[in-house]
Amino acid sequence: MLDALFAGGVFCDLVFGGIPHLPSPGSEVYADRFAVAAGGTATRCVAAARQGLETGLFAVIGTDLFGDHLAAVLGTQPGLDLRWLRRDPSVHTPITVAVANEHDRAFITYEEDGARRPDTWDGELPRVRVLHLGIADPLPGWATELRARGTLVVGGVGWDPTGAWSPDLLTRLGDVDVFVPNATEAMNYTRTDSVEKAVKVLADHVPLVVVTDGPRGAVSLDPATGGLVRVPSPRVTVADPTGAGDVFTASLMTALLQDGWPLTSRLRYAAICASMSVRTLGGAAGAPTPAAIRAFLGRMPGSDLPDQDRALFQAALQDQENR
């Protein structure tokens, strides 16, 4: 039994931080920090595993030095099962160069078709409580089978380099239980001009939609009441916002597996974990552990963290530490 399975592209992130501004064409800027980190789906995997979930990764990387580095780094993460991570000598491991400061970030990515999410599953499917995968393309048969077996399926999307933002995506939302885009993705796919409007459109197609909105937190529509819910992110000193959305999604999945939590508590827990992750370079490197989250909660004033949530979070984190 896996608590969480993540399927998608894994990237070797070369992260440059502390730059004064994003470089313009023909210019050069100097970073004061640098890191090599596992990115993409790997960030979500590490974040989930660090929070005590038995986690699996279904992806493809190359046998080049970047792939070797990723396999070595991910192999040291307790709770992360790599038996479904394929090493293919015919493809180059995807690479992203991330340039970031406290206000914004920009990316340059190289990715080959053969390194994208596998469409077929070799061998027996594991039992999985919650699955995350991208839904820019139709769901593969193995994902549909897992959902039929009772797996909660969480869908995501990424930046559309074509600029088309095809509304066909909305027709696939019925194939998932939860949809977690960021604000830009949500507004582009729904042709709306605000996060709140986008949430309302998306909620007509999927049981639960949660839109991440950067430092402004997250917005959702409560299925129980039909009302909009916005939960802010705690204020932190930002070193690198890269991967914050991935940590949010993994943390939301962790919260969705908790019995009895209200939607606001699930969103607040994910927002706290995402905020913690931006304080260091590289999303996976900054993904917090239960002990770190508990310490962070202890420093949060009561005005930012309701007593009910504090009690729920502390109890769940203690259980995660005891696993």
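- Looking at an unreviewed UniProt entry, the protein carries the name PfkB domain protein, with the source organism given as Streptomyces bingchenggensis.

**What to know about the sheet that holds strand β3 (residues 33-40)**
Part 1 of the reasoning: The mixed open sheet is built from four strands, whose spatial order is β3-β2-β7-β8. Both outer strands of the open sheet, β3 and β8 (105-110), are each paired with one neighbouring strand and no more. In this sheet, adjacent strand axes meet at a mean angle of 20° when their direction is disregarded.
Part 2 of the reasoning: Note that strand β2 (residues 10-17) and strand β7 (residues 95-100) share six bridges and pair parallel. Looking across to β7, one finds that G17 is bridged to A100.
Part 3 of the reasoning: This element, helix α1 (residues 41-50), spans β2 and β3 of the sheet and lies at about 90° to β3.
Part 4 of the reasoning: This element, helix α2 (residues 65-75), spans β2, β3 and β7 of the sheet and lies at about 90° to β2.

**Things to note about the pattern of salt bridges**
Part 1 of the reasoning: Counted by the stated rule, this structure contains 15 salt bridges.
Part 2 of the reasoning: One salt bridge in this structure joins D246 and R44, with 2.4 Å as the shortest N-O distance. Of the two residues, D246 is situated in helix α7 (residues 244-256) and R44 in helix α1; the sequence distance between them amounts to 202 residues.
Part 3 of the reasoning: Note that E196 and R230 form a salt bridge whose closest N and O atoms lie 2.9 Å from each other. Of this pair, E196 sits in helix α6 (residues 195-202) while R230 sits in strand β14 (residues 228-231); the two residues are 34 residues apart in sequence, bridging distant segments of the chain.

Cut-offs applied
- Residues numbered from 1 in each chain as written.
- Predicted model: local features only at pLDDT ≥ 70, side-chain atom pairs only at ≥ 80, totals over all residues.
- Heavy atoms only, no water.
- Pairing = 2+ DSSP bridges.
- Helix = DSSP H or I, 4+ residues; strand = E, 2+ residues; numbered from the N terminus.
- Axes fitted to C-alpha atoms, helices over the stretch in contact; angles between N-to-C directions.
- Contact = heavy atoms within 4.5 Å.
- Salt bridge = Lys/Arg side-chain N within 4 Å of Asp/Glu carboxyl O.

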